[in-house]
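So you can see what is in the structure, the chains are spelled out below.
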2 protein chains.
Amino acid sequence: MWHYRLNIEYDGTDFKGWQVQPDQRTVQGELEARLHQLFSTAIRTTAAGRTDTGVHALGQVVNFSVDRESKPEELKKSLNGTLPPDVVVHAASEVDAEFNARFSATGRTYRYDIEYGHRAVGRAYAWVRQNPLMLDDMRHAATHITGEHDFTSFCVAAHERESRVCDIRKCDWSTTGEGIRLTISANRFVRSMVRSLVGTFVDVGRGFIEADTVRDILSKQDRSAAGTTAPPHGLFLVQVDYGDIEQRNAETVT
Amino acid sequence: MWHYRLNIEYDGTDFKGWQVQPDQRTVQGELEARLHQLFSTAIRTTAAGRTDTGVHALGQVVNFSVDRESKPEELKKSLNGTLPPDVVVHAASEVDAEFNARFSATGRTYRYDIEYGHRAVGRAYAWVRQNPLMLDDMRHAATHITGEHDFTSFCVAAHERESRVCDIRKCDWSTTGEGIRLTISANRFVRSMVRSLVGTFVDVGRGFIEADTVRDILSKQDRSAAGTTAPPHGLFLVQVDYGDIEQRNAETVT
């Protein structure tokens, strides 16, 4: 068997998220259909982050195994030649059998963009809000999130049995030309976590709740304690890190 | 009669351009349908720039007259409440009967964005090209365009009887985070002129023609002398100027 890794970008607007679902257009579905064509055999892919409907990715990482060899450069070229315009392969490389895009990942970075005013151009890439938010309060609220915490309060998937403990290494609001951006890095994220956090930060920025209330919501470990969930189209999976593994795959074609 | 001016933004992706056409979704069609609803009478609008299919506008200016008064602030609010998400009214104001968005304009500014690499996110807002272009040569070519010239060589509408003489006040290439941007200002533009110019500048940037050849193409006054036409989705109508009139409309609601 040969094992491959792909770094991909996609515009989530017209996808029902990453994960294959019957009769739905998903990124995994499109990618696996092209891989099937290419290798004449059904191929199952694994992604670092199973993004929801409407969420974008600039640096999603995917792996798969196949019983036929392909030069990474040709694999990338063939896929880009057949994939729809809202999915692009930026890099392809051969990896060890042990590499798993999801479970080998040591860190993930997302960003969430909010733009102020009314916008038509670019409205699919940011949460467009009429009125500016109180950024200082939102920055203060973000400080309560960094470090290791149980994020049950900011997780919608109550049925999942996985741990909700995540180690947040970075959680910063910065200003952009048109608004503000949250950059958040962690070892892992639970489902809808970033959108739940952004929704609550925005409640802080509107003056609906105090910045310090975010600490109380977190400690309650109760989903109903958090505020609204931000819409998906402001969210981007920016980067996935693999620690030492990264160095071993030096032959990545970009 | 009351006379109004609107500053509007639109995402041209899903429009067959500005101008009303039977059975086609156009910006003018959407806007006039909403004005009809609002004032219960058919209203004809005039725009500063009749943008083509797929071309975007950040600062399009429109005017219309109606036999009923409306407060500009309410007009703006009502339109934004009913217009589709790809059209936004940024400002509304009452104007003199003499104001004509097209003929009163003293200057227009367009920009054209080119991004390098493969892109999925934002691909509707730039001409995405795999390989970087020779920017210095393109900048040199742009210097031949400034000033007053007959742009017949860069005009597709050979049947129009209007003059093709335009006074180019600015024609500059700058770098952006992801690629390069042409900013071009003139008293007026002829049809498809910016896209024809960009196509020819790109031919220079690829080394297909010399930068000085642009001067020769211009002087030939023959459309077949120019290069390819750049795709519409990188083009934005950024701003329209009205000289002294601008000052007279100080009550513009933004």
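Since this is a predicted model, take the numbers as computed values, not measurements. (Residues numbered from 1 in each chain as written. Chains lettered and ligands numbered in written order. Predicted model: local features only at pLDDT ≥ 70, side-chain atom pairs only at ≥ 80, totals over all residues. Heavy atoms only, no water.)

1. Quick look at the overall build of chain A
So, point 1. Within chain A, the regular secondary structure consists of 6 helices and 10 strands.
So, point 2. Relative to its length of 254 residues, chain A is compact, with a C-alpha radius of gyration of 19 Å against a globular reference of 18 Å.
So, point 3. In terms of overall dimensions, chain A has C-alpha extents of about 55 × 40 × 35 Å along its principal axes.
So, point 4. Per-residue burial over chain A gives 52% buried out of 254 residues.
So, point 5. Long-range pairs, those at least 24 residues apart, make up 72% of the contacts in chain A with a sequence separation of at least 6. (Helix = DSSP H or I, 4+ residues; strand = E, 2+ residues; numbered from the N terminus. Rg over C-alpha atoms; globule rule 2.2 N^0.38 Å. Buried < 20%, exposed > 50% of the residue type's maximum accessible area, 1.4 Å probe, protein only. Contact = heavy atoms within 4.5 Å.)

2. Points about the interface of chain B and chain A
So, point 1. Taken together, the contact pairs 20 residues of chain B with 20 residues of chain A.
So, point 2. On the chain B side of the contact with chain A, His118, Val121 and Arg123 of chain B bury the most area, a combined 37% of that side's loss.
So, point 3. Counting across the chain B and chain A interface gives 4 salt bridges.
So, point 4. Across the contact surface, chain B and chain A share 10 residue pairs in polar contact (both at pLDDT 80 or more).
So, point 5. Every element with two or more residues in the side of chain B that touches chain A is listed here: β1 (2-10), β3 (56-66) and β4 (87-94) of chain B.
So, point 6. By residue class, the composition of the side of chain B that touches chain A is 10 nonpolar, 5 polar and 5 charged. (Buried area = accessible area lost by both parts, 1.4 Å probe. Salt bridge = Lys/Arg side-chain N within 4 Å of Asp/Glu carboxyl O. Polar contact = N/O pair within 3.5 Å; in protein donor to acceptor, adjacent residues only side chain to side chain. Nonpolar A, V, L, I, M, F, W, Y, C, P; charged D, E, K, R; others polar.)

3. Points about the confidence of the model for chain A
Residue and element names in this part refer to chain A.
So, point 1. For chain A, mean pLDDT is 93; residues scoring 70 or higher make up 94% of the total.
So, point 2. Every residue in residues 247-254 scores below 50 in pLDDT, and together they form 17 contacts with partners more than four places removed in sequence or on other chains.
So, point 3. Scoring of the predicted complex yields 0.89 for pTM and 0.88 for ipTM. (pLDDT = per-residue confidence, 0-100.)

4. Comments concerning a negative patch on the surface
Residue and element names in this part refer to chain A.
So, point 1. Taken together, the side chains of Asp136, Asp137, Glu210, Asp212 and Asp216 define an acidic patch exposed on the protein surface.
So, point 2. With respect to the helices, strands and loops of the structure, Glu210 is situated in the loop between α4 (193-205) and α5 (213-220).
So, point 3. Classification of Glu210 as exposed rests on a relative accessible area of 60%. (Patch = residues over 30% accessible without salt bridge, like charges linked within 9 Å, V, L, I, M, F, W, Y side chains within 5 Å. Areas by Shrake-Rupley, 256 points an atom, 1.4 Å probe, with all protein chains shown as cover. Lys, Arg positive; Asp, Glu negative; His and termini not counted. Charge placed at Lys NZ, Arg CZ, Asp CG, Glu CD.)

5. Quick notes on the pairing of strand β8 (residues 165-175) of chain A
All names here are of chain A.
So, point 1. Where strand β7 (residues 147-150) lies against β8, 4 bridges are found, and the strand directions are antiparallel. Bridge pairing in β8 places Glu148 opposite Asp167.
So, point 2. Two strands pair when backbone bridges link them, and β8 and strand β9 (residues 179-186) are joined in this way by 7 bridges, in the antiparallel orientation. By the bridge assignment for β9, Trp173 is matched with Leu182.
So, point 3. From the end of β8 to the start of β9, which pair antiparallel, there are 3 residues. (Pairing = 2+ DSSP bridges.)

6. Here's the deal with helix α3 (residues 135-143) of chain A
So, point 1. Among the residues of α3 of chain A, those classed as buried are Leu135, Met138, Ala141 and Ala142 of chain A. On an axial view of α3 of chain A, the arc spanned by its buried residues comes to 120°, and they lie on one face. (Arc of directions from axis to C-beta.)

7. A look at the packing of helix α3 (residues 135-143) of chain B against helix α4 (residues 193-205) of chain B
Residues and elements named next belong to chain B.
So, point 1. In the contact formed by α3 and α4, the axes pass within 8 Å of each other and the chain directions differ by 135°. The angle between the axes of α3 and α4 places the two elements in the oblique class. At the point where α3 passes α4, the crossing takes the right-handed sense. Residues Asp137, Met138, Ala141 and Ala142 of α3 form the contact with α4, whose own contacting residues are Phe201, Val202, Val204 and Gly205.
So, point 2. A breakdown of the residues in the contact of α3 with α4 according to their chemical character gives 6 nonpolar, 1 polar and 1 charged. (Axes fitted to C-alpha atoms, helices over the stretch in contact; angles between N-to-C directions. Parallel < 35°, antiparallel > 145°, perpendicular 65-115°, else oblique. Left-handed = near helix turned anticlockwise from the far one by under 90°.)

8. Looking at the relation of the copies chain B and chain A
So, point 1. Superposition record for chain B on chain A: RMSD 0.0 Å, screw rotation 180°, translation along axis 0.0 Å. The transformation relating the two chain copies, once decomposed into turn and shift, fits a two-fold axis. Using C-alpha coordinates, one finds that chain B approaches the rotation axis most closely at Gly122 of chain B, a distance of 3.7 Å.
So, point 2. In this assembly, 100% of the residues forming the interface of chain B have copies in chain A that are likewise at the interface, indicating an isologous arrangement. (Least-squares fit on C-alpha atoms with pLDDT ≥ 70 in both.)

9. Topic: the pattern of salt bridges
Where charged atoms from two side chains of opposite charge come close, those side chains can pair.
So, point 1. A complete count under the given rule lists 24 salt bridges over all chains for this structure.
So, point 2. Here Arg111 of chain A and Asp113 of chain A are joined by a salt bridge, their closest N and O atoms 3.2 Å apart. Considered together, Arg111 of chain A and Asp113 of chain A belong to a single accessibility category, that of buried residues.
So, point 3. Measuring nitrogen to oxygen at the nearest pair gives 3.7 Å for the salt bridge that ties Arg195 of chain B to Asp52 of chain B. Residue Arg195 of chain B is found in helix α4, and its partner Asp52 of chain B is found in the loop between β2 (46-47) and β3; the two are separated by 143 residues along the sequence.
So, point 4. Overall, the relative accessible area of 14% leaves Arg195 of chain B in the buried class.

10. Looking at the side chain of Glu115 of chain B
Residue and element names in this part refer to chain B.
So, point 1. Relative to the assigned elements, Glu115 resides in strand β5 (residues 107-116).
So, point 2. For Glu115, a relative accessible area of 13% translates into the label buried.
So, point 3. Among all residues touching Glu115, those that are not within four sequence positions of it are Ala126, Trp127, Val128, Arg129, Glu178 and Gly179.

11. Some thoughts on the domain arrangement of chain A
Residue and element names in this part refer to chain A.
So, point 1. When its domains are assigned, chain A resolves into domain 1 (2-104) and domain 2 (107-238).
So, point 2. Between domain 1 and domain 2, the C-alpha centre-to-centre distance is 27 Å.
So, point 3. Contact residues are listed per partner, giving 17 residues for domain 1 and 15 residues for domain 2.
So, point 4. In total, about 1,200 Å² of surface goes out of reach between domain 1 and domain 2, with carbon and sulfur atoms giving 47% of it. (Domains from an automatic or database assignment.)

12. Observations concerning helix α2 (residues 72-82) of chain B
Residues and elements named next belong to chain B.
So, point 1. Among the residues of α2, those classed as buried are Pro72, Leu75, Lys76, Leu79 and Asn80. One side of α2 carries all its buried residues, which in axial view fall inside an arc of 125°. Among the exposed residues of α2, those oriented more than 90 degrees off its buried face are Glu73, Lys77 and Gly81.

13. Some words on the side chain of Thr109 of chain A
Residue and element names in this part refer to chain A.
So, point 1. Mapped onto the elements of the fold, Thr109 is located in strand β5 (residues 107-116).
So, point 2. Of the residues examined, Thr109 reaches a relative accessible area of 12% and is grouped as buried.
So, point 3. Polar side-chain contacts of Thr109 include one of 2.8 Å to the side chain of Ser185.
So, point 4. Setting aside residues up to four positions removed in sequence, Thr109 forms contacts with Thr183, Ile184, Ser185, Phe236, Leu237, Val238 and Gln239.

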